[in-house]
Amino acid sequence: MPEYPEYLAAVVFAAGGVVNALLAPHRFSTAVLFCLAVTSAGLGVAGRSAAAHPTIVTVLTVAALLLAFAVGLLLLADSVLLVRRYGPQAALLATGAAGCSVLAVLGLDAVFHAVGGEAFGALVIAVNVAAGYLTLLFLVFAGYVFVRGRSGPLPGTTHVVVLGAGLNGDRPGPLLTRRLERALALDAARAPDTPRVVFVVSGGQGDDEVRSEAEAMADYLRGRGVPADRIVREDRSVNTGQNLRFSMALVDGTTPGHCVTVVTSGFHVYRTTLLARRVGVPVHVVGAPTSPAYWLAATLREFAAILWLDRLPLVGLSLLLAVPVATVIFAH
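### Here's the deal with the overall build of the chain
A tally of helices and strands in the chain yields 12 helices and seven strands. Across its three principal directions, the C-alpha atoms of the chain cover 70 × 45 × 35 Å. For the chain, the residues scored as buried account for 44% of the 332 residues in total. If you take every contact in the chain between residues at least 6 apart in sequence, the share linking residues at least 24 apart comes to 69%. Counting 24 positive and 21 negative side-chain charges, the chain places the averaged centre of each group 4 Å from the other.

### A short note on the sheet that holds strand β7 (residues 284-288)
What links the strands of a sheet is backbone hydrogen bonding, and the strands pair in either a parallel or an antiparallel sense. Overall, parallel pairing links the five strands, which are arranged β5-β4-β1-β6-β7 in an open sheet. Every interior strand has two partners, whereas the edge strands, β5 (231-234) and β7, have only one. On average, each strand axis in the sheet is tilted by 25° relative to the strand beside it, whichever way the strands run. Pairing of strand β1 (residues 159-163) with strand β4 (residues 198-202), which is carried by five bridges, proceeds in the parallel orientation. Within β4, the residue paired with Val161 across the bridge is Val200. Relative to β5, helix α8 (residues 240-254) is tilted by about 135°, and along the sheet it contacts β1, β4, β5 and β6 (260-265).

### Description of the side chain of His284
Along the chain, His284 falls in strand β7. With a relative accessible area of 16%, His284 lands in the buried category. When sequence neighbours within four positions are dropped, the list of residues in contact with His284 reads Arg148, Ser151, Gly152, Pro153, Leu154, Val260, Thr261 and Val262.

### Observations concerning the packing of helix α4 (residues 90-115) against helix α10 (residues 292-309)
Where α4 contacts α10, the two axes come as close as 9 Å, and the packing angle between them is 90°. Considering their axes alone, α4 and α10 lie roughly perpendicular with respect to each other. When α4 is examined against α10, the residues Ala91, Leu92, Thr95 and Ala98 are found in contact with a partner set consisting of Tyr294, Ala297, Leu300 and Arg301. For the contact of α4 with α10, the class distribution of residues is six nonpolar, one polar and one charged.

### Concerning helix α7 (residues 213-223)
Taken residue by residue, α7 has Glu213, Ala214, Ala216, Met217, Ala218, Tyr220 and Leu221 as its buried positions. Looking at the buried residues of α7, the elements they touch are β1, β2 (167-168), β3 (171-172), α6 (174-188), β4 and β5. Positive backbone phi, approximately 95°, marks Gly225, located one or two places after α7.

### Description of a nonpolar patch on the surface
Taken together, the side chains of Val18, Val19, Leu22, Leu23 and Phe34 define a hydrophobic patch exposed on the protein surface, amounting to about 520 Å² of accessible area. In terms of residue count, the dominant contributor to the nonpolar patch is helix α1 (residues 5-23) (four residues). In this fold, Leu22 is placed in helix α1.

### Remarks on the nonpolar core
Counting 34 residues, the largest nonpolar core has Phe28, Val32, Leu36, Tyr133, Leu137 and Phe141 as its most contacted members. Residue assignment for this core shows that the elements contributing at least two residues are α1, α2 (29-52), α3 (54-86), α5 (118-148), α9 (269-278), α10 and α11 (311-319). Here this core gets eight residues from one element, more than from any other, and that element is α10. Discounting residues that sit within four places of it in the chain, Val32 has contacts with Tyr133, Leu137, Leu314, Leu317 and Ser318. Counting 22 residues, the second-largest nonpolar core is a separate cluster that includes Leu176, Val201, Tyr220 and Ile231.

### Some remarks on the packing of aromatic side chains
How two aromatic rings sit relative to each other is set out by the distance from centre to centre and by the angle between their planes. All chains considered together, the criterion is met by six aromatic pairs. Aromatic pair Phe138 and Phe303: ring centres 5.4 Å apart, planes at 75°, arrangement edge-to-face. Taken together, the residues Phe138 in helix α5 and Phe303 in helix α10 connect sequence positions 165 residues apart. The two residues Phe138 and Phe303 agree in class, both being buried. When the ring of Phe141 is compared with that of Tyr270, the centres are 6.0 Å apart and the planes differ by 80°; the resulting orientation is edge-to-face. Pair noted here: Phe141 is in helix α5 and Tyr270 is in helix α9, with a separation of 129 residues, a long-range link. One exposure class covers both Phe141 and Tyr270, and it is buried.

### Focus: the packing of α6 against α7
Direction vectors running N to C along α6 and α7 enclose 50°, while the axes themselves pass 11 Å from each other. Relative to α7, α6 is oriented oblique. Pair α6 / α7 crosses with right-handed handedness. On α7, the residues that touch Leu176, Thr177, Leu180, Glu181 and Leu184 of α6 are Met217, Tyr220 and Leu221.

### As for α10
For α10, which comprises 18 residues, the first-to-last C-alpha distance of 26 Å matches the rise-based estimate of 26 Å (1.5 Å per residue) to within 8%. When α10 is considered as a whole, its buried residues turn out to be Ala293, Tyr294, Leu296, Ala297, Ala298, Thr299, Leu300, Glu302, Phe303 and Ile306.

### Considerations on the pairing of β1
Of all five residues in β1, five are buried, a share of seventy percent or more. Bridge count for β1 against β6 is four bridges, and the pairing is parallel. Residue Val160 lies in a different strand from β6, and its bridge partner there is Thr261.

Analysis parameters
Residues numbered from 1 in each chain as written. Predicted model: local features only at pLDDT ≥ 70, side-chain atom pairs only at ≥ 80, totals over all residues. Heavy atoms only, no water. Helix = DSSP H or I, 4+ residues; strand = E, 2+ residues; numbered from the N terminus. Buried < 20%, exposed > 50% of the residue type's maximum accessible area, 1.4 Å probe, protein only. Contact = heavy atoms within 4.5 Å. Lys, Arg positive; Asp, Glu negative; His and termini not counted. Charge placed at Lys NZ, Arg CZ, Asp CG, Glu CD. Pairing = 2+ DSSP bridges. Axes fitted to C-alpha atoms, helices over the stretch in contact; angles between N-to-C directions. Parallel < 35°, antiparallel > 145°, perpendicular 65-115°, else oblique. Nonpolar A, V, L, I, M, F, W, Y, C, P; charged D, E, K, R; others polar. Patch = residues over 30% accessible without salt bridge, like charges linked within 9 Å, V, L, I, M, F, W, Y side chains within 5 Å. Areas by Shrake-Rupley, 256 points an atom, 1.4 Å probe, with all protein chains shown as cover. Salt bridge = Lys/Arg side-chain N within 4 Å of Asp/Glu carboxyl O. Core = buried A, V, L, I, M, F, W, Y, C linked by side-chain atoms within 4.5 Å. Phe/Tyr/Trp six-rings, centres within 6.5 Å; stacked < 30°, edge-to-face > 60°. Left-handed = near helix turned anticlockwise from the far one by under 90°. Expected span 1.5 Å × (residues − 1).

So, in structure tokens, the structure goes:
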């Protein structure tokens, strides 16, 4: 066995990330491989620094635990605040569950500090490494969402597709209103001598909605001065994949040589881009701003959705983390 197996694993994971980035840069598995590399290297550094620099390691450990405690409380408080405001939605409850999970890991650490035990210590190491790895992966995803959600439209855009979101009665809700305002801003930013864009409003009628999202969006745009002949309604879709396919079918059937920019919420840009590639739809996706209070819960939901979208390869890759974890446990 190599003298430093954790570092060898880190090199292998990093090399895999580089290859994956060159072959398929849009795949989330690239981020997974680099996070595996960082986690493996971190295991090696932590394991070898504990004996050589115990004071430094103790200070860093306490700082990490305090930060984790603050994050757990933040997630829990954000969930309670949003549930009170919007009701018990799944994404909001999941945010609270994530906060409880963070606090549960800290509780496990506290119990181990009190009772000790070799087998229990191995369990604590495995749980903390898994929690740290998931946290790192989420931070990478959140960073990408933050940057990608602020990208601009493609030059020469002829059509702007606005993806539907929930209604507030018979009118667009806050999330959907921000998407519509972002779409209007894209049109307003065009040069005066440039042809105006055509808006494609995409969204069917949910079971709890009194009208289709497309109809509500069309009324909103007309109220903001957009002529009816520049609004195309796609009112059959019930998910993002259908939004993209059905909207592009309408555009393809009427306008040759078009250039399409899709507007959704910033936290939803990455998954929309992935789905567009999967269904073979050539579009560029930009994000609309989200309420700061809702951003964390929405980003967590999208993170879970991305993991589920590519669950088999991502789970398979993540299980490889067991190799460096096992070497650290058996070495100590």
